[in-house]
Amino acid sequence: MTKDEDRPVIRVEKLTKDYRMGTTMVHALRGIDLTVRRGEMVAIMGPSGSGKSTFLNLVGCLDRPTAGQYWLDGIAVSRLSTGQLATVRNRKIGFVFQSFHLLPRATALENVTLPPLYAGVVGAPARRRGLQALEAAQLPLDRARHQPSELSGGEQQRVAIARSLVTGPSLILADEPTGNLDTRTGLEVMAVLQELHDDGITIVLVTHEPDIAAYCGRVVRFQDGLVVDDAPCPSPKRAEDTLAALATKEVAS
Amino acid sequence: MSTPDNELSGRRTLPPLDLRGSTPFGQTVVLAARSAFASLGVHKLRGALTIIGIVVGVAGIFVIANLALLVRTATVRGIGGLGANVIDVSGFTLSSTAPLATGAGHGLVVRVSGAPSLTAADVEALQKLPHVAGVTPRTGTRMQVQAGARNWTTQVFGAYPGIQITQGYSVQQGAFFSQADVAASKTVAVLGQTVAKQLFPGGNAVGQQIRIGSVDFSVVGVLKPLGANGDQDLDDVVVVPASTFLQRLMGSGPARMTSGGPPPGANVKTGGGPPPGVQVFQAQGVQDPALARANFPDVQVAVDDPSNVPTVKSAITRALEQDHGITPGSKDDFTVGGFLQGVETAQQAASTILWGMGAIAAIALLIGGFGVANVMLASVAERQREIGVRLAVGASVADIFLQFLLEALTVSVIGGLLGALCGAALSLLMSTQLRGLPFAPSWLAVVAALVAAVAIGLIFGAYPARRAAQTDPIQALRRA
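Owing to the predicted nature of the structure, the values given are computational and were not obtained by experimental measurement.

Engineer: If you had to explain the overall build of chain A to someone new, which residues and values would you point to?
Structural biologist: For chain A, the count of helices and strands is ten helices and ten strands. Burial status across chain A gives 51% buried among its 253 residues.

Engineer: How would you sum up the interface of chain A and chain B? Please name residues and give values.
Structural biologist: Facing the 42 residues of chain A at the interface are 31 residues of chain B. Tallying contributions element by element places helix 3 (residues 82-92) of chain A first for the side of chain A that touches chain B, with seven residues. Taken together, the residues of the side of chain A that touches chain B break down into 19 nonpolar, 13 polar and ten charged.

Engineer: Describe in detail the environment of Ile360(B), supporting the description with residues and values.
Structural biologist: Residues and elements named next belong to chain B. In this fold, isoleucine 360 is placed in helix 9 (residues 339-382). Residue isoleucine 360 is classed as partly exposed on the basis of its 14 C-beta neighbours within 10 Å. For the pair isoleucine 360 and isoleucine 61, spaced 299 residues apart in sequence, the C-alpha to C-alpha distance is 9.2 Å.

Engineer: Describe helix 8 (residues 309-323) of chain B, with residues and values.
Structural biologist: Residues that lie three or four places apart on an α-helix share one face, since the helix turns once every 3.6 residues. All names here are of chain B. With 15 residues, helix 8 ought to run about 21 Å at 1.5 Å a step, and its terminal C-alpha atoms sit 21 Å apart, in line with that. Buried residues along helix 8 sit in contact with strand 1 (86-90), helix 3 (120-127), strand 4 (132-147), strand 14 (298-303) and strand 15 (335-336). Glycine 325 sits one or two residues past helix 8 and shows a positive phi near 65°.

Engineer: Would you mind going over the pairing of strand 14 of chain B in detail, with residue names and values included?
Structural biologist: All names here are of chain B. Counting buried residues in strand 14 gives six out of six residues, a clear majority hidden from the surface. Residues of strand 14 alternate between two faces, with Asp298, Gln300 and Ala302 on one and Val299, Val301 and Val303 on the opposite face, all of them buried. Relative to strand 14, strand 4 is paired through five bridges, and the arrangement is antiparallel. What sits directly across from valine 135, in strand 14, is valine 301.

Engineer: Account for the confidence of the model for chain B, with residues named and values stated.
Structural biologist: Residue and element names in this part refer to chain B. Looking at chain B, the pLDDT average stands at 76 and 70% of residues meet or exceed 70. Counted against residues more than four places away or in other chains, residues 1-10, with its pLDDT under 50, gives four contacts. Scored below 50 in pLDDT, residues 97-107 makes 40 contacts in the model with residues more than four places away or belonging to other chains. Note on the complex model: pTM 0.63, ipTM 0.94.

Engineer: Break down unusual backbone geometry for me, with residues and values.
Structural biologist: Residues and elements named next belong to chain A. A positive phi angle, close to 50°, is found at lysine 14, a residue other than glycine. The topology assignment puts lysine 14 in strand 1 (residues 10-21). The residue phenylalanine 100 is not glycine, and still its phi comes out positive at about 65°. Relative to the assigned elements, phenylalanine 100 resides in the loop between strand 6 (93-96) and helix 4 (108-112). With 22 C-beta atoms counted inside 10 Å, the residue phenylalanine 100 sits in the buried group.

Engineer: Describe the nonpolar core, with residues and values.
Structural biologist: Counting residues in each nonpolar core, the largest one holds 130 residues, and the members touching the most others are Ile44(A), Ala162(A), Val58(B), Ile61(B) and Ala449(B). Ignoring anything within four residues of it in the chain, the contact list for Ala162(A) reads Val112(A), Ala133(A), Leu134(A), Ala136(A), Ala137(A) and Leu139(A). Counting residues in hydrophobic clusters, the runner-up holds 50 residues, among them Val89(B), Ala205(B), Val220(B) and Val222(B).

Engineer: Report on the sheet that holds strand 4 (residues 67-72) of chain A, specifying residues and quantitative values.
Structural biologist: All names here are of chain A. Reading across the sheet, the four strands line up as 2-1-4-5 and stay open at both edges, with antiparallel pairing between neighbours. Every interior strand has two partners, whereas the edge strands, strand 2 (24-36) and strand 5 (75-76), have only one. Across five bridges, the pairing between strand 1 and strand 4 is antiparallel. Residue pairing in the sheet places valine 12 in a bridge with tyrosine 70 of strand 4.

Engineer: Can you tell me about the sheet that holds strand 8 (residues 202-206) of chain A, naming the residues and giving the values?
Structural biologist: Residues and elements named next belong to chain A. Ordered by their spatial adjacency, six strands build an open sheet running 6-7-8-3-9-10, and the pairing between neighbours is mixed. Two strands in the sheet have a free side with no partner beyond their single neighbour: strand 6 and strand 10 (226-232). Mean inter-strand twist for the sheet, computed between neighbouring axes without regard to direction, equals 20°.

Engineer: Tell me about the environment of Gly51(A), residues and numbers included.
Structural biologist: Residues and elements named next belong to chain A. Tracing the backbone shows glycine 51 in the loop between strand 3 (41-45) and helix 2 (52-59). The exposure class assigned to glycine 51 is buried, which follows from the 25 C-beta atoms found within 10 Å. Put simply, glycine 51 and valine 227 are 176 residues apart on the chain and 9.4 Å apart in space, counted from C-alpha to C-alpha. Once you skip the residues sitting within four places of it in the chain, glycine 51 turns out to touch Ala28, Leu29, Phe222 and Gly225.

Engineer: Hey, could you go over the packing of helix 3 of chain B against helix 8 of chain B for me, with residue numbers and the actual values?
Structural biologist: All names here are of chain B. For the pair helix 3 and helix 8, interaxial distance at closest approach is 10 Å and the crossing angle is 145°. Two packed elements cross with a definite hand, and for helix 3 against helix 8 that hand is right-handed. Here Ala121, Asp122, Ala125 and Leu126 of helix 3 lie close against helix 8, whose contacting residues are Ile316, Ala319, Leu320 and Asp323. Partitioning the contact of helix 3 with helix 8 into residue classes produces six nonpolar, no polar and two charged.

Engineer: Give me the packing of helix 8 (residues 183-198) of chain A against helix 10 (residues 239-252) of chain A: which residues, what numbers.
Structural biologist: Residue and element names in this part refer to chain A. For the pair helix 8 and helix 10, the least separation of the axes is 8 Å and the interaxial angle reads 150°. Viewed along their axes, helix 8 and helix 10 adopt a mutual orientation that is roughly antiparallel. The hand of the helix 8/helix 10 crossing is left-handed. Side by side, helix 8 and helix 10 meet where Arg184, Leu187, Glu188, Met190, Ala191 and Gln194 of the first sit next to Ala239, Glu240, Thr242, Leu243 and Leu246 of the second. A breakdown of the residues in the contact of helix 8 with helix 10 according to their chemical character gives six nonpolar, two polar and three charged.

Thresholds, definitions, all that
Residues numbered from 1 in each chain as written. Chains lettered and ligands numbered in written order. Predicted model: local features only at pLDDT ≥ 70, side-chain atom pairs only at ≥ 80, totals over all residues. Helix = DSSP H or I, 4+ residues; strand = E, 2+ residues; numbered from the N terminus. Buried ≥ 20, exposed ≤ 12 C-beta atoms within 10 Å, placed from the backbone. Contact = placed C-beta atoms within 7 Å. Nonpolar A, V, L, I, M, F, W, Y, C, P; charged D, E, K, R; others polar. Expected span 1.5 Å × (residues − 1). Pairing = 2+ DSSP bridges. pLDDT = per-residue confidence, 0-100. Core = buried A, V, L, I, M, F, W, Y, C linked by C-beta atoms within 7 Å. Axes fitted to C-alpha atoms, helices over the stretch in contact; angles between N-to-C directions. Left-handed = near helix turned anticlockwise from the far one by under 90°. Parallel < 35°, antiparallel > 145°, perpendicular 65-115°, else oblique.

The structure is reproduced here in structure tokens:
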């Protein structure tokens, strides 16, 4: 058990990704070495074109590296088949996107039960599980039967977070999760993520906002496809506190 | 918003998913069908147009399949006995009162008036034509044949020795009668195996006496067995010289339609009203009753090779027109490719019509298929983000392929069911319009229609589904 706890969720060595863009080769990642331990909440920052999105796609098993090694929860991902990668995405990884990416014609609950469906879990067990995940993501349960268009941005992102949690993954990958939200709603989403982190889930979050990175326990900076800075943040800000302060300020003014 | 602290005790994270009792496939089907209905609901006009294409095609297939089955059951079976290289020449002007193409014939009525036009001289002339292997008149009727105390009713043919070539007869015992026997109108007979066995169970038929009708014949030969053609026993036959047949046997009974024997299943009559749904052939002969006993109603010409049949047919026409003094433009008093081949031709016409309708149905189905492909491709393009999300949350490439294929199948099967319904209605309508065409929407037609619909769904759904499955999730999710 201790051994399992010690095993890093993400370990990459000399991770390289080149791709062709028209006639020119783009060296998106030039050899990344990074380890993310269980229970960490890591912000990945960097200007656009720094390779942070490419890194997230590789870590999320949506793409394969040109060279280098990647172990997810001890699994050598580079050796997996396409079908096995789908299974890994289903069981080990949860995605949260900037624009939520919910299925528009499905209810909140149906969206959340989509990953269990691809694991073959359907019907009542899937619904029970979906409701648990929605509860963990702090969506009021009377919203579960609503379609995304009937939900606010913050509610939609909670549904997306519930979807990322539902299979009990090792890792949640969040790509600019607050990018489409106003400051207050963004903070609410960060509060949800922080609480999940408090409960032990590992989160890797891509952002270009230092304000958001300040809520993470570690900040990794990318530039030109390389890690240029990797600093722990011993006492990150609490989103709840910021929200409370914001509320006081609003009352005062 | 307030945090429901009291509702959540302990960890908010969930343990790994319990996979017991998982049923991925069945759910995928249900999901795909639901998703298909949803996308049809969104693009109602597009969906309706697509389904109409399938409906038309499948309804067509249904009607064709139904008609084909009807025609097959109604077909005058076993026209055989005539090889592909044998041309049938009738001594009458033949016409049919109704096309056989409706496929409605349960039987066949031939009405004969006048005498046949083909003479012994005509037969001689035909024998001299190039590529002709053998010529024989063939007249026949069913008669009772006696040998001592035994008697047997069989098909009696009057012919020339050339019938050995046109019918493929060969002699097992004794010999076939000769052309000299024909010239002398001798009372000699060659027996088929069945007749020989019935009349002479102890064997040794050759040299024995038999009585056909009221005329005594001596048996000169017994034929090798040929077996059966459909339900027709080809060995149940007696062959006598054509001259003897016409002068001695035909004189003993009323005038009969004496073609080469009616095909089995054909209902040969000389008068009276035909039952409904029956084809009627008119056979018009020359207006000279005296020739009824001298001329041949039917002559068969064996050609050396089936590929020469068209050439020989026109040669026969030219030779007979010359012999009969028929000027170009006036009506022939004979028919090349006559009675039997007339039936065959009519049936070919029927099958041609079926093929034509089949082609139209196939085109409609093809258009419907392209419609399905088009709708599905548009759907795949519109739903890139959905595909990306599904891939990101753990759908495999196969899951995506299956989903879109099943959506295409749902569309085509809905169309197929509606099409089968329309086809059945159309068949019903046709049965009320075409007398004698019984309406029987067979299960086979339903199966054929649905198989067509499923095939269209699979064929035209596969490519869009493949496109969907090839979606790059990164590209798909990048779009806002």
